[in-house]
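Topology and contacts: notes
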Amino acid sequence: MTTTVRQKFNKEYINPVGKSMPRIDGRGIVTGQIKYAFDVNFPNMLVGKMIRSPHAHAKIISIDTSKAEALPGVRAVITAKDTSNIKFGSNEYFFPHTVDQMALESEKVRYIGDEIGAVAAVDEETALKALELIDVQYEVLPSVVDPLEAMKPGAPSIHESLNNIAVILPVNFGNPERALKEADYIREDFFYAPAAHMAALEPHVCVGQWETFSNKVTLWASSQAPFKCREALAKTLKMDLNDVRVIKMAVGGGFGGKLEMLPMDFSACLLSKKAGGLPVKICYSREEEFLASRRKHGMHYRIKSGVKKDGTLVAITGEVIADGGAYCSYGPTVIAAAIMRIFMLYKIQHFRVTGYRVYTNTPISGAMRGFGGVQAGFAIESHMDMLAEGIGMDPVEFRLKNITTPNMVTINKMVLTTNGLKECIDKAITSAQWNKKHGKQKHLSRGIGIGIAADVMGSKMYKSHESAGSIVKVEEDGSVYLFTGAADTGQGSNTALSQIACQELGVSYSRIKCKSGDTEITPFDTGSFASRVTFISGNATVLAARDAKKQILEVVAQELKLAIDDFDIIGEEVINKKTKAHVMTFDKALELAYSFNYGQQIIGRGSYNPKTTPIDFRTGEGNVSGSYGFEAQIAEVEVNKENGEVKILKLWDAHDIGKAINPQSAEGQIEGSLAMGLGYTFMENLHFDKKGRPANGNFANYRLPRSIGTPPMETIMVETNDPEGPFGAKGMGEAALLPTAAAIANAIYDAVGIRIKELPITPEKIIKALKEKEDQEKNKI
């Protein structure tokens, strides 16, 4: 046996779960040696560019590519005539009618930037010149960019849906109309949360290569869901799944924007085929990112609720209208999440809210971190504060009166087992000194506000299953290899899964290497979204490591002529579970397994499909997640009444994460979500001109938070040790983003008595609201 691995052992690396282990890819990131999609290079590689519509809405009359094809250096040009004209979408399993986008549009374009073709040339200059030489004739049609206008009878018809409504989702339980009549206090509020962009530092990049000798294709991509991308590629290219390989490279940020196959991915592959197998790289410019990738849904949220004098929430009704842009993407899921997350938080028996996902001639809205929960969180948690004030009740007391509890089933059949929401609220208000500050700092123009949130660990809303697979292979030299289909997009999932594998296998974290997100090598995984990876892929990894350990212990038991159940591997040692005695080292056991007498290769396999049920969209019922995470967030602010500026004094976030696999990584995820929430609260607003083009579609005009000026943040981990999670862990990537805007808006009200119902919160809106408040007070006199 070699000793190279053994020499790396460090006591701190044994039993790694619950410890802040260094990132498994950390050295590669800080040294610049890790490979992103843009770093993929091959001899004779071509540069691809997309042919885009300059019109928001138009019929395609003709496309003449002859001049571009004749340009020296151009190797391939494709349009819809080179495709099979197959539509793709992201909610095909439950909403087949929402599969509405072509890889390259053939008859009609629906937003400025819509893809109708692509070119590949020897360099970027030639490719751009080729685009100028392509002659496209259009019949320009009337367009509509506002969802409220798009819903009106007589508005331009973008697809064939009535009044441009792509999805209607009514969610009804109980009898809210009757319940409202029994309420002591009723109020109705209207909120607006704008579109925003993921603004990942790494733009979309891919490299496609067609193997002419095998008729197989490989795509190297910056992807959150390589297996979903492969599925869409195979469908649109009309190929078998096993003839398409997608390799996920390191990802420089995704936030939901890299969950889907885009026309650029399809085009890189088809251009390569037409160019005789030469690889083709397509990289979006920053303007293309804002124009033609994905964005957050802008939402109009109307909510009407009734409460009893004692604070009991009796009924909720309302309406959600979401600006979906030109195609459906993840629209049904976003609408469902925007409406149904409330059931995880509040005990509600009477409920009626209808969601509308509306087509407009603007860039496509898709999945962005939070899946509609950020917009809904702003509306609902602001509204809850206003209900509490209406009956003279403290906002915290009001929430504690109505929140969900452990081991309960909600009205829509969500099964909540571990639920640390009350503990999160208690710890947050204690740390923030809520009782000392709330309502008592107005003379300083300071205030404190709360928002709460809950989230899923995956969601069975895309396929008939949501399984994940892992393989744990132990080599002769003691090296451990984890193969997972999960996509690490920067959140550190490769590290967390490696810690889980080593903990279950009973070995040091220093042994392991991780290979992830290669559809030809790694097991299937749905992807990195909905806070699912730690919970679902983590459970698959536990099972794979357990299987590998069993194979090793079978050899040990056979050699010692004892029962396998007598043994375990803990801390690099094989122990007798009954006597707690040391039996042999892990290395010795491995040497035995690979010896002449046994020759046992150690390859463990694990597959996990959460015990969930899909949502029945006719009723709104369904236990969509194997577990649920909870959190409470508090913001303390100071408002400058002279210029309208808001200073965040501190943010507190108490988070039920089940068990922190890697505390430092978990804290980083929470702080990253808080920073993102600050951006959406105060700065981000992707708006469009009258033609539907992004009016601030670049980093010069689209404002984002930076590390400079980030307020103090306090993260409080609440560990409820979920029985279904790997070592008790839950997912936690998104929930911390959901209540930030509401917590801040509630704090501003506590400070200066004004209510902002439209994001982003700007100095101009603050000054205007203060003036209106002043005028109202004068009129009372």
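Residues numbered from 1 in each chain as written. Predicted model: local features only at pLDDT ≥ 70, side-chain atom pairs only at ≥ 80, totals over all residues. Heavy atoms only, no water.

**Brief notes about the overall build of the protein chain**
Put simply, the rule reads: Under the DSSP-based scheme used, a helix requires at least four consecutive residues in state H or I and a strand at least two consecutive residues in state E, with every element numbered from the N terminus. What the globule rule says is 2.2 Å times the number of residues to the power 0.38, and the radius of gyration is computed from C-alpha atoms. Classification of residues uses two cut-offs on accessible area relative to the type maximum, computed with a 1.4 Å probe and protein chains only: under 20% is buried, over 50% is exposed, and between them is partly exposed. Residues count as neighbours in contact if any of their non-hydrogen atoms are within 4.5 Å of one another. Throughout, the Shrake-Rupley method with a 1.4 Å probe supplies accessible areas, and for residues the shown protein chains are the sole cover considered.
Secondary structure assignment for the protein chain yields 20 helices and 30 strands. At 27 Å, the protein chain has a C-alpha radius of gyration in line with the 28 Å of a compact globule built from 781 residues. Buried positions account for 62% of the 781 residues belonging to the protein chain. Look at the contacts in the protein chain between residues 6 or more apart in sequence, and 79% of them connect residues 24 or more apart. If you sum the accessible surface of the protein chain, you get close to 29800 Å²; carbon and sulfur atoms cover 50% of it.

**Section: the pattern of salt bridges**
Put simply, the rule reads: Any Lys or Arg side-chain nitrogen found within 4 Å of a carboxyl oxygen on Asp or Glu counts as a salt bridge.
Tallied over the entire structure, the rule returns 45 salt bridges. Across the salt bridge formed by Arg23 and Asp25, the nearest N and O atoms sit 3.1 Å from each other. Residue class for Asp25 comes out buried when judged on its relative accessible area of 17%. In this structure, Glu105 engages Arg110 in a salt bridge whose closest nitrogen and oxygen atoms are separated by 3.5 Å.

**Points about helix α3 (residues 124-133)**
Where we set the bar: Working definition: the arc comes from the directions between the helix axis and the C-beta atoms, pointing outward to the latter. Residues adjacent in sequence count toward polar contacts only when both atoms are side-chain atoms; beyond that, a polar contact is any pair of N or O atoms within 3.5 Å, and within protein one must be able to donate a hydrogen and the other to accept it.
Taken together, the buried positions of α3 are Thr126, Ala127 and Ala130. Down the axis, α3 shows its buried residues gathered within 100° of arc, on one side only. Residues of α3 that are exposed and point over 90 degrees away from its buried face: Glu125 and Glu132. Its buried side turned inward, α3 meets β1 (46-52), α2 (66-70), β3 (74-79) and β7 (115-121). N-cap assignment for α3: the residue whose side-chain oxygen lies 3.4 Å from the backbone N of Glu125 is Asp123.

**Considering helix α16 (residues 533-560)**
Selection criterion: Any helix carries an expected span of 1.5 Å times its number of residues minus one.
Across its 28 residues, α16 extends 39 Å between first and last C-alpha, which sits within 8% of the 40 Å expected from 1.5 Å per residue. Positive backbone phi, at 55°, marks Lys561, one or two positions downstream of α16.

**Topic: the packing of helix α15 (residues 493-505) against α16**
Angle between the axes and distance between the axes are the two parameters that describe a pair of packed helices. What counts here: Axis lines are fitted through C-alpha atoms, for helices just across the contact stretch, and the angle between N-to-C directions can take any value from 0 to 180 degrees. Here is the rule for handedness: rotate from the far helix to the near one, and if that takes an anticlockwise turn smaller than a right angle the crossing is left-handed, while a clockwise turn gives right-handed. Under this grouping Gly is polar, as are all residues other than the nonpolar Ala, Val, Leu, Ile, Met, Phe, Trp, Tyr, Cys and Pro and the charged Asp, Glu, Lys and Arg.
Two elements in contact, α15 and α16, have axes whose closest approach is 8 Å; the angle formed by their N-to-C orientations is 35°. In this structure, the crossing between α15 and α16 has a hand that is right-handed. Of the residues in α16, those in contact with Ser493, Leu497, Ile500, Ala501, Glu504 and Leu505 of α15 are Val533, Thr534, Ser537, Gly538, Thr541, Val542, Ala545, Arg546, Ala548, Lys549 and Ile552. Tallied by class, the residues present in the contact of α15 with α16 amount to nine nonpolar, five polar and three charged.

**Re the pairing of β7**
Heads up, the condition is: Note on pairing: two strands pair once DSSP finds at least 2 bridges between them.
Across the seven residues that make up β7, a large majority, seven, are buried. Inspection of the sheet shows β1 paired to β7 by six bridges, in the antiparallel sense. Note that in β7 the partner of Lys49 across the bridge is Val119. As paired strands, β3 and β7 are joined by five bridges and run antiparallel to one another. Looking at β7, one finds that Thr79 is bridged to Gly117.

**Here's the deal with unusual backbone geometry**
For the bond running from Leu759 to Pro760, omega is -5°, close enough to zero to count as cis. Inspection of the secondary structure assignment puts Pro760 in the loop between α19 (740-752) and α20 (763-780). A positive phi angle, close to 55°, is found at Phe255, a residue other than glycine. You can see Phe255 is positioned in the loop between β13 (244-248) and α7 (263-274). Of note in this structure, Phe371 is not a glycine but carries a positive phi near 45°. Residue position: Phe371 is located in the loop between β17 (351-359) and α11 (373-390).

**A closer look at the domain arrangement of the protein chain**
Under the convention used in this document: The start and end points of each domain follow an automatic or database-based domain assignment. By buried area we mean the combined loss of accessible area, with a 1.4 Å probe, across both parts when two parts are placed together.
For the protein chain, the assigned domains are domain 1 (46-141 + 203-251 + 260-292), domain 2 (298-460 + 615-780) and domain 3 (468-608). Each side of the interface is counted separately: domain 1 has 21 residues, and domain 2 has 26 residues. Buried area between domain 1 and domain 2, summed over both chains or domains, comes out near 2100 Å², and the portion from carbon and sulfur atoms is 62%. Our count for the contact surface shared by domain 1 and domain 2 stands at zero salt bridges. Sorting elements by how many residues they give to the side of domain 1 that touches domain 2 places helix α8 (residues 286-292) first, with four residues.

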